[in-house]
Every structure is written in C-alpha cells, then in structure tokens.
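Here is what each chain is made of, one letter per residue.
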Amino acid sequence: MSHCPSRRRFIQTLAVAAPAMALPSLAFAKNADPRRLRLYHTHTSEKLDVVYHENGAYLPDAMGELNRVLRDHRSGDVIEMDRDLLDMLHAAQQRLGSEGTYEIISAYRSPATNEMLRRKGAGVARRSMHLEGKAIDVRLTDARTRDLRQVGIELARGGVGYYERSNFVHFDTGRVRRW
C-alpha cells in the first residue's frame, strides 16, 4: 500500500512532463529568439546594428560584420571573435532590459598592439584574452557601468573587470573571476 502514493505521484509527473517531451521545440523556443547587438566603436566611429543569431544558428554575414567592427583598430587585423563573448554581451543587455548601444573601447588586439599598450603601462596583461578575440571593454549607452558589471558577475560566464574611473567594463570568456 505504501507504493500507491509514489506511483500516483510518478503518473502525475509523467502526465505533466509528457507534452514537453513530445514537443522539445517548446523547451528551446527562447533560444530561437533573434540575438541582436548594437555597437559603436569609440575609436573608429563605426556603427553596427545586426542580428547575428537566428533560428538556432549564427549568421555568417553578420558574424563577419561583427569581426570587422571589433578588429584591432590600430593594425586593421581581423580575427573571429568568440561567439560566447557576443552571447555574453547579448545576455547582459537582455538582463538589464536595455535597448542601448554598446560603446566599444577595445576588442581584438593584435600581438603588436597588445605589447605596445603593455609597454605604455596601461595595465595590459602579457597574455590578454583580447589577443584571442575572447575579451571586450565596453559601456552601454542606457545603463550605468556598475549595473553592467553586476549583471556580468551574475551571469558567471567569464571574467568581469570594472574600471570606474575610465567608465567601462571588461568582459571575457575565461574562467569566472572579477576585479
């Protein structure tokens, strides 16, 4: 007799879960939403408003545009930016309820640019994640940088640095840490 309540609970759970298992697309509908980024590069004055992910796929043309805008503005070198980094920016903006534009301070850095900045004593790491297209320094036009920082920390998708005096936040897709 002690098995009846457990059996009943199992059948009730199965009855509730069965529709979700039969229609897995419903469980992933949120992931199908288009992902858009609005960018303004503070050094080149370039603007980009682009949907880069739609219907569960990254859009190659849009990714190319993002890579170009996020290039090393000093050398012109372009690499493929980390998709997880772009998704982190998108997720932070969604969490903030922002419709604003990301102002790009720094994204990809070539080895020569990184070394030059390091020699100037700008607090640049020798093995900066900017070298791999896995880091970006930004602010958001309709959010306070401290709020952007807090959301980045809550997302726990990588490193988050807060540069209050310079008014920007660093995001990277390395290990989860903050400074």
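The model shown is predicted, which means the values in this text are computed figures rather than measured ones. (Residues numbered from 1 in each chain as written. Predicted model: local features only at pLDDT ≥ 70, side-chain atom pairs only at ≥ 80, totals over all residues. Heavy atoms only, no water.)

Draft legend 1. Region of interest: the pairing of strand S5 (residues 135-140). For S5, a buried count of 5 out of 6 residues is recorded, marking the element as mostly surrounded by other parts of the structure. With 4 bridges joining them, strand S4 (residues 102-106) and S5 adopt antiparallel strand pairing. Its bridge partner lying in S5, serine 106 is registered against aspartate 137. (Buried < 20%, exposed > 50% of the residue type's maximum accessible area, 1.4 Å probe, protein only. Helix = DSSP H or I, 4+ residues; strand = E, 2+ residues; numbered from the N terminus. Pairing = 2+ DSSP bridges.)

Draft legend 2. Region of the structure containing the pattern of salt bridges. As enumerated under the stated definition, the model contains 14 salt bridges in all. A salt bridge links arginine 38 to aspartate 49, with the nearest nitrogen and oxygen atoms 3.7 Å apart. Taken as a pair, arginine 38 in strand S1 (residues 35-41) and aspartate 49 in strand S2 (residues 47-54) lie far apart in primary sequence, 11 residues in all. You can call arginine 38 partly exposed: its relative accessible area is 22%. Residue aspartate 49 is classed as partly exposed on the basis of its relative accessible area of 46%. For the salt bridge of glutamate 115 with arginine 119, the shortest nitrogen-to-oxygen distance reads 3.5 Å. Of this pair, glutamate 115 and arginine 119 are both found in helix H5 (residues 111-119), 4 residues apart, which corresponds to roughly one turn of the helix. Classification of glutamate 115 as partly exposed rests on a relative accessible area of 23%. Under the relative-accessibility criterion, arginine 119 is labelled exposed at 68%. Connected through shared salt-bridge partners, Arg36, Arg38, Asp49 and Glu99 make up one network. (Salt bridge = Lys/Arg side-chain N within 4 Å of Asp/Glu carboxyl O.)

Draft legend 3. The packing of helix H4 (residues 83-96) against helix H6 (residues 145-155), seen in detail. In contact at an axis separation of 9 Å, H4 and H6 are set at 115 degrees when each is read in the N-to-C sense. Classified by the angle between their axes, H4 and H6 sit roughly perpendicular to one another. Once H4 is placed against H6, the crossing between them reads as right-handed. Of the residues in H6, those touching H4 at Met88, Ala91, Ala92, Arg95 and Leu96 are Asp147, Leu148, Val151, Glu154 and Leu155. Of the residues contributing to the contact of H4 with H6, the split by class is 7 nonpolar, no polar and 3 charged. (Axes fitted to C-alpha atoms, helices over the stretch in contact; angles between N-to-C directions. Parallel < 35°, antiparallel > 145°, perpendicular 65-115°, else oblique. Left-handed = near helix turned anticlockwise from the far one by under 90°. Contact = heavy atoms within 4.5 Å. Nonpolar A, V, L, I, M, F, W, Y, C, P; charged D, E, K, R; others polar.)

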